[in-house]
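# Fold and contact review
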Amino acid sequence: MSEKGDSELASVVENKQSEVPAVSENGVNEAMSDLEKKVSQQIEYYFGDHNLPRDKFLKEQIKLDDGWVTLETMIKFNRLSSLTTDFTVIIKALQKSKTNLLEISEDKTKIRRSPNKPLPELNDQYKDSLKKRTIYAKGFSLETSLDDIKEWLEGKGTVENVFMRKDAQRQFKGSIFAVFDTVEAAKNFVETPSLKYKDNDLLVLSKSDYYNMKAEEKKKLQLESKSKSNQAKDRQKKAEDAEMESLYEKTGCLLKFSGDLDDSTSRENLHELFDPHGEIKWIDFSRGAKNGIILFKGSAKEALEKAKEAHGGTLTLKNKETTWEIVEGDTEKEALKRIIEDQQESFKKKGRGRRSRGKGRRGGQPNKSQVTFQGKKTTFESEDESDEADSVSPKKRALEENEVEEPASKLQKNRK
């Protein structure tokens, strides 16, 4: 099958079966007007290799009547209707086309893609050929229209399809993908020196080179992001280490607690008791244990006295009698050393602010509102094309009429 029947610039079939009037009859030698040329190209695009496989609405229509689609249905497509709704103009345009893609019914009220021109099989070989025939060009002014680009591409090789790349707000990004009919034509276009659009210099690459460029940019950004993240972590760790090391010089900041504690006693219970009265830096305690140590940023004695006062002079953990003791002297130094070592080891394993199991848990106030979502990321061959979708019905197209100026590979979304 010829590759020239693919897309926006795809061909119109000359029917060679005697029972169906050939498209190219009745005016095959007549020159086409500008309007007729645009009409034939637009209809050929609808039925072409690039649009038809993804046009859900049109695929449903061709199943209804052996591939035939009425002109009444066709003029509901926005871009065609913006050109003409006159059946006579449409029929004459297709009759003058020489591109061998479409047939006209005997009564001239329906058209279909020629059965002699089946859609290509979407196998790896076809996809590879399509990729090699596709170019990337960047540097168009943002107000450029599809018609402007098609006009600019004339004389630069046979172009089957043009895809105007747009951002999340459906605004043209100034770059396109264009599919040529042959690999050689695409190569010649890419190798053309100093291509310009009006006064703008264009960056022109093969699609493969474009993907490679984006992959390198992504890799560079990831490395830069990782480097910045590591630097930030190093700075934070140094600050934390310095803060903890400074505790060696402090005294009176450790409070030991012990007793026949409930097995469900947790660090949160300790926070509930002391957070209003003293800032806790670390809690050396495991759930189920019968004793532990609290490291305060300031005076442990002052925090204990305020907590007792707030609770009527008696301080218990989950209604269990608890002994509270200020750690002093050599015992304090040994406890501080152990806490600092445990904290640093915890930072290495979990990172700042994350909890580790067992001895040496971080005593900062837990962030109960923080929720982490995990999921599988969908990747696409090109992230710039990840927003491509199936076409919708004419009714929905009416709602989207002003949203897109019909990039060739998404034209189906713009129909009424």
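### A few points about the overall build of the protein
- Helix and strand counts for the protein stand at 13 helices and 13 strands.
- Every one of the 416 residues in the protein was classed for burial, and the buried ones make up 43%.
- Pairs at least 24 residues apart make up 70% of the contacts formed inside the protein by residues separated by at least 6 positions.
- Summing over all exposed atoms, the protein offers an accessible surface of approximately 23200 Å²; the carbon and sulfur share of this is 45%.

### Some points on the sheet that holds strand β11 (residues 280–284)
- Read from one edge to the other, the open sheet built from four strands follows the order β11-β12-β10-β13, with strand pairing classed as antiparallel. The open sheet is flanked by β11 and β13 (323–326), the only strands paired with a single partner. With strand direction ignored, the average angle separating the axes of adjacent strands in the sheet is 20 degrees.
- Sheet topology places strand β10 (residues 254–258) next to strand β12 (residues 291–296); five bridges connect them, and they run antiparallel. Bridge assignment links phenylalanine 257 to a residue of β12, and that residue is glycine 292.
- Lying over the sheet, helix α10 (residues 267–274) contacts β10, β11, β12 and β13, oriented at roughly 145 degrees with respect to β11.

### Let's talk about the packing of aromatic side chains
- According to the stated counting rule, one finds 17 aromatic pairs in the structure shown.
- Considering the side-chain rings of phenylalanine 274 and phenylalanine 296, the 5.5 Å spacing of their centres and the 75 degrees angle between planes classify their relative orientation as edge-to-face. With phenylalanine 274 in helix α10 and phenylalanine 296 in strand β12, this pair connects stretches of sequence that are 22 residues apart. One exposure class covers both phenylalanine 274 and phenylalanine 296, and it is buried.

### Section: the confidence of the model for the protein
- Here the protein averages 79 in pLDDT, while 75% of its residues score no lower than 70.
- Across residues 1–27, where pLDDT falls below 50, the model places 103 contacts with residues more than four positions away in sequence or in other chains.
- A low-confidence stretch, residues 352–416 stays under pLDDT 50, and its non-local contacts, those more than four residues away or across chains, total 163 contacts.

### Focus on the pairing of strand β3 (residues 110–113)
- Judged from the two bridges that link them, strand β1 (residues 69–70) and β3 form a sheet pairing that is antiparallel. Paired with valine 69 across the strands is isoleucine 111, a residue of β3.
- Pairing between strand β2 (residues 102–104) and β3: three bridges, direction antiparallel. Within β3, the residue paired with glutamate 103 across the bridge is arginine 112.
- Where β2 folds back onto β3 in an antiparallel hairpin, the turn is made up of five residues, including lysine 108, whose phi is positive at roughly 60 degrees.

### Notes on helix α11 (residues 300–310)
- Every buried residue belonging to α11 is among Ala300, Ala303, Leu304 and Ala307, and all of these are buried. The buried residues of α11 occupy an angular sector of 100 degrees when the element is viewed end-on, so they sit on one face. When the buried face of α11 is taken as reference, the exposed residues oriented beyond 90 degrees from it are Lys301 and Glu309.
- Between the side-chain oxygen of the N-cap and the backbone nitrogen of lysine 301 there are 3.4 Å, and the N-cap of α11 in question is serine 299.
- Backbone geometry just downstream of α11 places glycine 312 in the positive-phi region, at approximately 75 degrees.

### Notes on unusual backbone geometry
- The phi angle at lysine 108 is positive, at roughly 60 degrees, despite the residue not being glycine.
- Given the relative accessible area of 35%, lysine 108 is considered partly exposed.
- Residues other than glycine seldom take positive phi values, yet lysine 198 does so here, at roughly 55 degrees.
- Assignment of secondary structure puts lysine 198 in the loop between β7 (196–197) and β8 (200–201).
- Judged by relative accessible area, lysine 198 falls into the exposed class, the value being 63%.

### A word on helix α7 (residues 146–153)
- Within the sequence span of α7, burial applies to Leu146, Ile149, Lys150, Trp152 and Leu153. Within α7, the buried residues cover an arc of 160 degrees as seen down the axis, which keeps them to one side.
- On the buried face of α7, the contacting elements are α1 (34–46), α4 (78–83), β5 (159–166), β6 (172–180), α8 (183–191) and β7.
- In the segment just after α7, glycine 155 is the residue with positive phi, at about 85 degrees.

### A look at the nonpolar core
- Ile43, Tyr46, Phe47, Met74, Leu80, Ile90 and Ile111 are the most contacted members of the largest nonpolar core, which totals 22 residues.
- Elements represented by at least two residues in this core include exactly α1, α2 (56–62), α3 (71–74), α5 (87–96) and β2.
- Those residues in contact with isoleucine 43 that sit more than four places away from it in its chain are Leu80, Ile90, Leu94, Leu102 and Ile111.
- Residues Val159, Phe180, Phe189 and Leu202 belong to the second largest nonpolar core, which totals 21 residues.

Rules used in this analysis
- Residues numbered from 1 in each chain as written.
- Predicted model: local features only at pLDDT ≥ 70, side-chain atom pairs only at ≥ 80, totals over all residues.
- Heavy atoms only, no water.
- Helix = DSSP H or I, 4+ residues; strand = E, 2+ residues; numbered from the N terminus.
- Buried < 20%, exposed > 50% of the residue type's maximum accessible area, 1.4 Å probe, protein only.
- Contact = heavy atoms within 4.5 Å.
- Areas by Shrake-Rupley, 256 points an atom, 1.4 Å probe, with all protein chains shown as cover.
- Pairing = 2+ DSSP bridges.
- Axes fitted to C-alpha atoms, helices over the stretch in contact; angles between N-to-C directions.
- Phe/Tyr/Trp six-rings, centres within 6.5 Å; stacked < 30°, edge-to-face > 60°.
- pLDDT = per-residue confidence, 0-100.
- Arc of directions from axis to C-beta.
- Polar contact = N/O pair within 3.5 Å; in protein donor to acceptor, adjacent residues only side chain to side chain.
- Core = buried A, V, L, I, M, F, W, Y, C linked by side-chain atoms within 4.5 Å.

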